[in-house]
Every structure is written in structure tokens, then in C-alpha cells.
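# Per-entry structural report
Given next are the chains, with one letter for each unit.
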Amino acid sequence: MAEPESEAAAEAPLYLRVAAALREDLAHRRISPGARLPSERSLSQRYHVNRQTVRSALQLLRDERLVVTDRRGTFAASGTEGGSEVSAPAPSAVRRTFPGGPRAAEALVRASLTWEPAPTPLTARLLLAPGEPTLVHRHVVLGPQGTALQRAVSWFSRPALTEIPQLARYRRGRDGRRQPDLRLLYHWMHQAGLRVTHRESVGVPGPTATAAGGGAARLLVHRVVSDQHGRALEITDIDFSAQSAAWTYEFSA
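Just so it is clear, the model here is predicted, and its values are computed rather than measured.

## Regarding the pattern of salt bridges
Side chains carrying opposite charge are able to pair once their charged atoms draw close together. Within the structure shown, the criterion is met by nine salt bridges. For Glu-200, the salt bridge identified is with Arg-223, shortest N-O distance 3.3 Å. Remark: Arg-223 occurs in strand 9 (residues 218-226) and Glu-200 occurs in strand 8 (residues 197-203); sequence separation between them is 23 residues. For Glu-200, a relative accessible area of 26% translates into the label partly exposed. What emerges from the salt-bridge pattern is a single network uniting Glu-40, Arg-51 and Arg-55.

Right under this line is the structure:
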């Protein structure tokens, strides 16, 4: 595998690095459309990783519709779907993202992580004790003039911090100067063996709230992501301008 280009790349999970290498081969046609990929065993030897890491990388590429798998093996996507050509998408445009989707990922974003108590009404739902701190993610999408098009705040439950290794690393005391990147959160949940369900409530604020926001039309989204046991993993509130920003939600079970 090629040497990582940055410290961030070096810190990326192994399966993401394997997926990136294969994605590069697919994008540059080193693996032709319709061609069979090497076996899991061959890939694990090539990249010096175990077969589970290879399986995780291939699952990500399947999610991105870059490869397909059947009883014969895994093959590069043929390049056509429904009679129209499908080009290999850029990674930032195909990965499931959190929160806001690919459009937000391509915009100017400011994100931060803090360690603080959740609002009292959410404490029990997050399986936290009263006043117990948890990981809180704040995410703002800015327009060309620097105005906030979208604001989101997410609170994570105790099970999420316990069972998702990529979240556990963001504990109190770590370097907070880097802007956190949680765009693969839902894939991390999948990797942790969590089968998730998403419930969104979409509302429009009342006249008073709308006027306070400068008169622009707004939408409010309340999202609860739960696992197969019914435990909440993440609760997110998103507030965005319906006139100037799009809310895109992508998920594959």
C-alpha cells in the first residue's frame, strides 16, 4: 500500500486505507469495469491486513456501488445502470455522511467536539446519569458570505461511546484543535455490528421563531438513531434555511 500522504491518512482505520487504494485502481481503470477483483486472501496479503479488514473495505465499496459481489466473487461495477453511464464518483460524494450529506461536505464547514452534559430531556434516552457528560458534536455549514445555512448538534449515548471505537478516541483530553470528521459515523456503526434504525421528525418553527431567524424559511429536523436493541446511539437536532440550503440524508442498511 502506498505511504499515507498525511498524518490524518496514517490515522485512518486500515479498512478505509484499503478501500482508498482499491478505489484508486477502479477510478484509473487499473481494474477494468466488469473485471473480477483479487480474492480476499490475495488482497489481505497485498495490503498486509487480515481478511476481515478486506471484507470491511469491500463492503464500503459495495455501499458506494463501485463493486458488486455474487457467488462467483467481487467484480468492478460495469459502468452502466439503467442504460446510462455511471462514472466513478469522488469519495466525498458517495460516502454516507453525518450530518447534512454530501452537499454539506463540499461546503464551508465548521465543526467541534465538546464533552458536556446532555439536555435534561435527553439524558435518560441516551442512557446517561443526570449531569453525566457525553460527547457533543456541533456542525455549522456556512454560505459564501459567511452566513450560517445549517446548524446541527448531536449528542451521543453511553452505548455509542462504548461500542464504536472511532468515537471512543474523541474522549476528553484529546487534542481538540483539529476539526473532527464524523462523516463516516454510520459506517462505523455498521463496522461495530450495530444494525441501526433512523427516525426523523421534520417541523417548521412558529412565526416568532422564524422572525427571530431573520424572516427566512427554516426547517427543523430531530433525528434519533437507534440500534437493534432499541438503544439510542445518537440524537441530532438540525436547523437550516429552507431557502438557501439543502438537507440531504443518505443511508443504506
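Read on for the rest.
## Observations regarding unusual backbone geometry
Positioned with a positive phi, His-48 is a non-glycine residue whose angle comes to about 60 degrees. Structurally, His-48 can be placed in the loop between helix 3 (40-47) and helix 4 (51-63). When its relative accessible area of 70% is taken as the criterion, His-48 is described as exposed.

## Overview of the packing of helix 3 against helix 4
Running from N to C, helix 3 and helix 4 point in directions that differ by 105 degrees, and their axes come no closer than 9 Å. Here helix 4 runs roughly perpendicular to helix 3, going by the angle between their axes. In this structure, helix 3 contributes Glu-40, Arg-41, Leu-43 and Ser-44 to the contact, and helix 4 contributes Arg-51, Val-54, Arg-55 and Leu-58. Looking at the contact of helix 3 with helix 4 residue by residue, the class counts come to three nonpolar, one polar and four charged.

## As for the nonpolar core
By size, the foremost hydrophobic cluster in this structure holds 37 residues, and its most contacted members are Phe-156, Leu-167, Trp-188 and Met-189. The set of elements that each furnish at least two residues to this core consists of helix 2 (14-27), helix 3, helix 4, helix 8 (158-163) and helix 10 (185-191). At seven residues, helix 2 tops the list of elements feeding residues into this core. Not counting residues up to four positions away in its chain, the partners in contact with Trp-188 are Tyr-15, Ile-164, Gln-166, Leu-167, Arg-169, Asp-181 and Leu-182. Within the second largest apolar cluster, 10 residues are counted, among which are Leu-122, Leu-128, Trp-155 and Val-224.

Parameters at a glance
Residues numbered from 1 in each chain as written. Predicted model: local features only at pLDDT ≥ 70, side-chain atom pairs only at ≥ 80, totals over all residues. Heavy atoms only, no water. Salt bridge = Lys/Arg side-chain N within 4 Å of Asp/Glu carboxyl O. Helix = DSSP H or I, 4+ residues; strand = E, 2+ residues; numbered from the N terminus. Buried < 20%, exposed > 50% of the residue type's maximum accessible area, 1.4 Å probe, protein only. Axes fitted to C-alpha atoms, helices over the stretch in contact; angles between N-to-C directions. Parallel < 35°, antiparallel > 145°, perpendicular 65-115°, else oblique. Contact = heavy atoms within 4.5 Å. Nonpolar A, V, L, I, M, F, W, Y, C, P; charged D, E, K, R; others polar. Core = buried A, V, L, I, M, F, W, Y, C linked by side-chain atoms within 4.5 Å.

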